[in-house]
Amino acid sequence: MLVPRRDVDADLPRGTQLAQYVIEQRIGVGGHGIVYRAHDTALQRPVAIKEYMPATLAQRTPEGRVVPRHARHEPHFALGLTSFLNEAKLLAFFDHPALIKVYQFWPENGTAYLAMTL
């Protein structure tokens, strides 16, 4: 599967604060999101933050909000966002070594994030 080219401008800048987390750097990217290394300022530990940012459907505004690229993308973006939050909620419910541990998930900036083990 061909993953669309992701512009560096789509990344959150180093030092961006999301809830209690401070973004340090991008560590991964896929068709539906970006994963960052971040620092949890409350618990003083490294975490991974996954951001719902589907490259084909969304873009980041200069203010940092994530918005659909076009009005025709709005329903698909909204459906994906709901799915992202539902998956995060489900993963947060489980505590098993074979699954990523989700610490927190929340909507912000027109999109959603989840904090998990690095």
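Residues numbered from 1 in each chain as written. Predicted model: local features only at pLDDT ≥ 70, side-chain atom pairs only at ≥ 80, totals over all residues. Heavy atoms only, no water.

1. Thoughts on the overall build of the protein chain
In step 1: Regarding its fold elements, the protein chain presents one helix and eight strands.
In step 2: Along its sequence from the N terminus, the protein chain presents helices and strands in the succession β-β-β-β-β-β-α-β-β.
In step 3: Scaling as 2.2 N^0.38, a compact globule of 118 residues should have a C-alpha radius of gyration of about 13 Å, and the protein chain matches this with 14 Å.
In step 4: With the C-alpha coordinates of the protein chain rotated into their principal frame, the extents come out at 40 × 30 × 25 Å.
In step 5: Counting only residues that meet the buried cut, the protein chain has 34% of its 118 residues in that class.
In step 6: Restricting the contact set of the protein chain to residue pairs at least 6 apart, pairs at least 24 apart contribute 41%.
In step 7: In the structure as shown, the protein chain presents an accessible area of about 7100 Å², 57% of it carried by carbon and sulfur atoms.
In step 8: For the protein chain, the centre of its 13 positive side-chain charges and the centre of its 11 negative side-chain charges are spaced 3 Å apart. (Helix = DSSP H or I, 4+ residues; strand = E, 2+ residues; numbered from the N terminus. Rg over C-alpha atoms; globule rule 2.2 N^0.38 Å. Buried < 20%, exposed > 50% of the residue type's maximum accessible area, 1.4 Å probe, protein only. Contact = heavy atoms within 4.5 Å. Areas by Shrake-Rupley, 256 points an atom, 1.4 Å probe, with all protein chains shown as cover. Lys, Arg positive; Asp, Glu negative; His and termini not counted. Charge placed at Lys NZ, Arg CZ, Asp CG, Glu CD.)

2. Details of unusual backbone geometry
In step 1: Of note in the backbone geometry, Gln-44 takes a positive phi value of approximately 50 degrees without being a glycine.
In step 2: Summarising the element assignment, Gln-44 is placed in the loop between strand 3 (33-40) and strand 4 (45-52).
In step 3: The backbone of Asn-109 sits at a positive phi, close to 60 degrees, despite the residue not being glycine.
In step 4: Checked against the element boundaries, Asn-109 lands in the loop between strand 7 (102-108) and strand 8 (111-116).

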